[in-house]
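Structural description and commentary
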Amino acid sequence: MGAVGACVGAVAEGGAPPRQEPPDQGWITAATPDAGGAPRCPHGALEDPHRGFVRCLEPGEADAGWLPPSPQPEPPPPDGGAPPPDGGALPPDGGVPGDAGPIDGGVPDASIVSAPPPLVEVKEPEFMNGDVPNVAKRLEKVAPDLAKCVADNGGLSGASGSIKVQFLVRVRGRAEGVEILDSRGITPDAQRCIRQLLKNKPIGTPSADPVGVTVSLSLRAPK
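Let me sum up the structure you'll find in this document. (Residues numbered from 1 in each chain as written. Predicted model: local features only at pLDDT ≥ 70, side-chain atom pairs only at ≥ 80, totals over all residues. Heavy atoms only, no water.)

The next subject is the state of the cysteines. Under the definition given, this model contains one disulfide. Across a sulfur-sulfur distance of 2.0 Å, Cys 149 and Cys 193 are joined as a disulfide pair. Residues Cys 149 and Cys 193 are joined through a disulfide that is left-handed, its torsion about the S-S bond being -65 degrees. Remark: Cys 193 occurs in helix α4 (residues 188-198) and Cys 149 occurs in helix α3 (residues 143-151); sequence separation between them is 44 residues. Classification of Cys 149 as buried rests on a relative accessible area of 5%. (Disulfide = S-S within 2.5 Å. Helix = DSSP H or I, 4+ residues; strand = E, 2+ residues; numbered from the N terminus. Buried < 20%, exposed > 50% of the residue type's maximum accessible area, 1.4 Å probe, protein only.)

Now the structure itself:
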């Protein structure tokens, strides 16, 4: 079930995985060399970047079909860190650097006008290693905010869309390690907004520590 499944499986089999403390040079990863300069995990590794956990693979596991995909990196900011237009120099009239729009009474850029919020339906969630009661009901309460993420970031590309989200729930009862497994009909910016919205969102107390949750959201354009 992806990176969440690998982390849940490791915890369920042998208790909580040990946390790797970060040395001065940064976090320990599969590519970190050992004392002799060789790669720490020459056959690859299972890694949980959210908790710093690394398990080196055995030689026979290197090409195993059950290995999960690499965890998604945090998406870059929408502007890519680009400098403001015209080098950030102040315009002659003392206005905002790089602001070429009208001061007032102008027509806003059509590309940033919000689309109508779609209707959001929360499908029945799937669990690994336990259960988290009332997850669907808790997500339904934030459905208007999820719809706003889509509406404010390009809207639906058609009459309908969908997104599948995966996360962990530990004893503190919040969504951790939120990742997008699949999406259709929404922009990358909308996906980024949904990930940030669900990050650390109160979800409920799990029956075990941790519990993996996978849930699909169905989106429909309003009539």
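Helical geometry: 3.6 residues make up each α-helical turn, so side chains three or four residues apart lie on a common side. Where α4 is concerned, the buried positions are Ala 190, Arg 192, Ile 194, Arg 195 and Leu 198. Within two residues after α4, Asn 200 carries a phi angle of roughly 65 degrees, on the positive side.

Within the span of α3, buried status applies to Ala 143, Leu 146, Ala 147, Cys 149, Val 150 and Ala 151. On the buried face of α3, the contacting elements are β3 (119-122), α2 (135-141), α4 and β7 (211-220). (Contact = heavy atoms within 4.5 Å.)

Let us look at the packing of α3 against α4. Where α3 contacts α4, the axes come no closer than 8 Å and their chain directions differ by 155 degrees. One element, α3, and the other, α4, form an angle in the roughly antiparallel class. In the packing of α3 onto α4, the handedness of the crossing is right-handed. Facing α3, whose interface residues are Asp 145, Leu 146, Cys 149 and Val 150, α4 presents Ala 190, Cys 193, Ile 194, Leu 197 and Leu 198. Across the contact of α3 with α4, the residue classes break down as eight nonpolar, no polar and one charged. (Axes fitted to C-alpha atoms, helices over the stretch in contact; angles between N-to-C directions. Parallel < 35°, antiparallel > 145°, perpendicular 65-115°, else oblique. Left-handed = near helix turned anticlockwise from the far one by under 90°. Nonpolar A, V, L, I, M, F, W, Y, C, P; charged D, E, K, R; others polar.)

One finds Leu 139, Val 165, Phe 167, Ile 186, Ile 194 and Ile 203 to be the most contacted residues of the largest nonpolar core, which totals 27 residues. Only α2, α3, β5 (160-169), β6 (175-184), α4 and β7 provide two or more residues apiece to this core. Sorting elements by how many residues they give to this core places β7 first, with five residues. (Core = buried A, V, L, I, M, F, W, Y, C linked by side-chain atoms within 4.5 Å.)

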